[in-house]
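Chain by chain, the residues run as shown.
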Amino acid sequence: MSDVPKSHPRYLSLTLRDRIVEGVENGITSIHGLIAHGRGEAFDYLIGEKTQPFATDAICAAAAMLKLSNHPVISVNGNVAALAPKELIELGNILKAPLEVNIFHTESGREEKIRQHLLNNGANEVLMPSPEAQLSFIDSNRKYVHPEGIFIADVVFVPLEDGDRCEALRKMGKDVVTVDLNPMSRTALQASITIVDNVVRALPLLCEAIQKQSSDSDLQHKSTHYRNEDILQQALQHISRSSDG
Ligand code: PTJ
């Protein structure tokens with residue numbers, strides 16, 4: 001880890017870089033994850049490195065959708081495993097939902113290293129992809145899923161990833177909740193709910209929102225009255241205003 005002083009104005013951002021670099025060094029994060037992280041940093045800069053109202057609204061709707069779901073599953077790739085393992089586990093515990101490893105880049109042994117990393121951070125059980133269950137509409141390694149996990153899920157929480165699988169999951173009739181700093185990404189556009197925020201800020205807020213007491217009718221209202229296109233539009237307007245200077 002690099003020796004970043006807490007007084008450094010970009011301390012938090014540099015700490016997150018360190019987590020991703022450590023993830024790569026430990027074989028958890030793909031080397032391609034560094035590029036994905038850089039892209040995320042650029043968008044985070046443009047949204048002001050704060051949770052904005054469009055993200056808060058999406059978090060409320062996501063909490064409602066996840067609470068109402070019958071079989072939610074949390075999908076874990078190499079970036080989110082390095083950035084927020086404990087928060088993913090907390091989300092799983094609150095929802096009583098399994099964590100499932102699902103990666104795009106197939107470096108040997110990485111799936112198992114991610115599983116071990118989650119177990120070391122306190123997860124009880126981590127589902128692994130299996131050739132027994134495959135998603136339709138997708139050809140990459142992401143098609144392999146667990147028969148009792150993503151394969152039968154009604155809602156899949158899919159933080160920061162490339163778009164193919166989100167599209168496939170939607171075509172299979174599943175809802176997808178994503179966290180993606182880029183409101184123009186294919187995942188952001190195709191998800192049922194897109195939280196345009198950094199996953200390290202969004203996850204604790206999502207856990208908090210799920211734990212708030214709400215009636216079933218209130219949850220239904222939040223979930224059905226949510227419009228993802230409007231939220232993405234608000235995010236784009238925010239970005240274009242901030243880049244106007
Ligand atoms: O571990 P693997 O093999 O499954 O690979 C994971 C990555 C992330 C490398 C892979 O899914 C990938 O290449 O993703 P993309 O296509 O680069 O998309 C990642 C998206 O996440 C981009 O839209 C980024 O802006 C966004 N992003 C990056 N870091 C964060 C983020 N969104 C939220 N929080 C972040 N910290």
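Everything below is about the structure shown above.
Attention here is on the structure that accompanies the text.

Conventions we followed
Residues numbered from 1 in each chain as written. Predicted model: local features only at pLDDT ≥ 70, side-chain atom pairs only at ≥ 80, totals over all residues. Heavy atoms only, no water. Buried < 20%, exposed > 50% of the residue type's maximum accessible area, 1.4 Å probe, protein only. Helix = DSSP H or I, 4+ residues; strand = E, 2+ residues; numbered from the N terminus. Arc of directions from axis to C-beta. Pairing = 2+ DSSP bridges. Right-handed = clockwise from strand over helix to strand, strands pointing away. Contact = heavy atoms within 4.5 Å. Axes fitted to C-alpha atoms, helices over the stretch in contact; angles between N-to-C directions. Disulfide = S-S within 2.5 Å.

1. Some points on helix α5 (residues 85-95)
Link 1 in the chain: Buried within α5 are the following residues: Pro85, Leu88, Ile89, Leu91, Gly92 and Leu95. The buried residues of α5 occupy an angular sector of 160° when the element is viewed end-on, so they sit on one face.
Link 2 in the chain: Among the residues trailing α5, lysine 96 stands out with phi positive, at a value near 55°.

2. Focus on the pairing of strand β6 (residues 155-159)
Link 1 in the chain: In terms of burial, β6 is largely enclosed, as five of its five residues are buried.
Link 2 in the chain: In β6, alternate side chains face the same way, and those of Val155, Phe157 and Pro159 on one face and Val156 and Val158 on the other are all buried.
Link 3 in the chain: Bridge analysis of strand β1 (residues 72-76) against β6 gives three bridges, and the strand direction is parallel. Within the sheet, the bridge partner assigned to proline 72 lies in β6 and is valine 155.
Link 4 in the chain: In the classification by handedness, the crossover that spans β6, the intervening helix α7 (residues 164-171) and the parallel strand β7 (residues 175-179) is right-handed.

3. Here's the deal with the sheet that holds β6
To summarise the sheet geometry, strands pair through backbone hydrogen bonds and adopt either a parallel or an antiparallel arrangement.
Link 1 in the chain: Spatially, β3-β2-β1-β6-β7-β8 is the arrangement adopted by the six strands of the open sheet, whose pairing is parallel. Each having just a single partner strand, β3 (126-127) and β8 (193-195) make up the two edges of the open sheet.
Link 2 in the chain: Sheet topology places β1 next to strand β2 (residues 99-101); three bridges connect them, and they run parallel. Across the sheet, the residue bridging to valine 76 is valine 101, located in β2.
Link 3 in the chain: Docked against the sheet, α5 engages β1, β2 and β6, running at close to 170° with respect to β1.
Link 4 in the chain: Contacting β1, β6 and β7, α7 runs over the sheet at an angle of about 155° to β7.

4. Looking at the state of the cysteines
Disulfide: a covalent bond formed between the sulfur atoms of two cysteine residues.
Link 1 in the chain: Under the criterion given, the structure shown has zero disulfides.
Link 2 in the chain: We note that cysteine 60 lacks a disulfide partner, and the nearest cysteine sulfur, in cysteine 207, lies 14 Å from it.
Link 3 in the chain: For cysteine 60, a relative accessible area of 32% corresponds to the partly exposed category.

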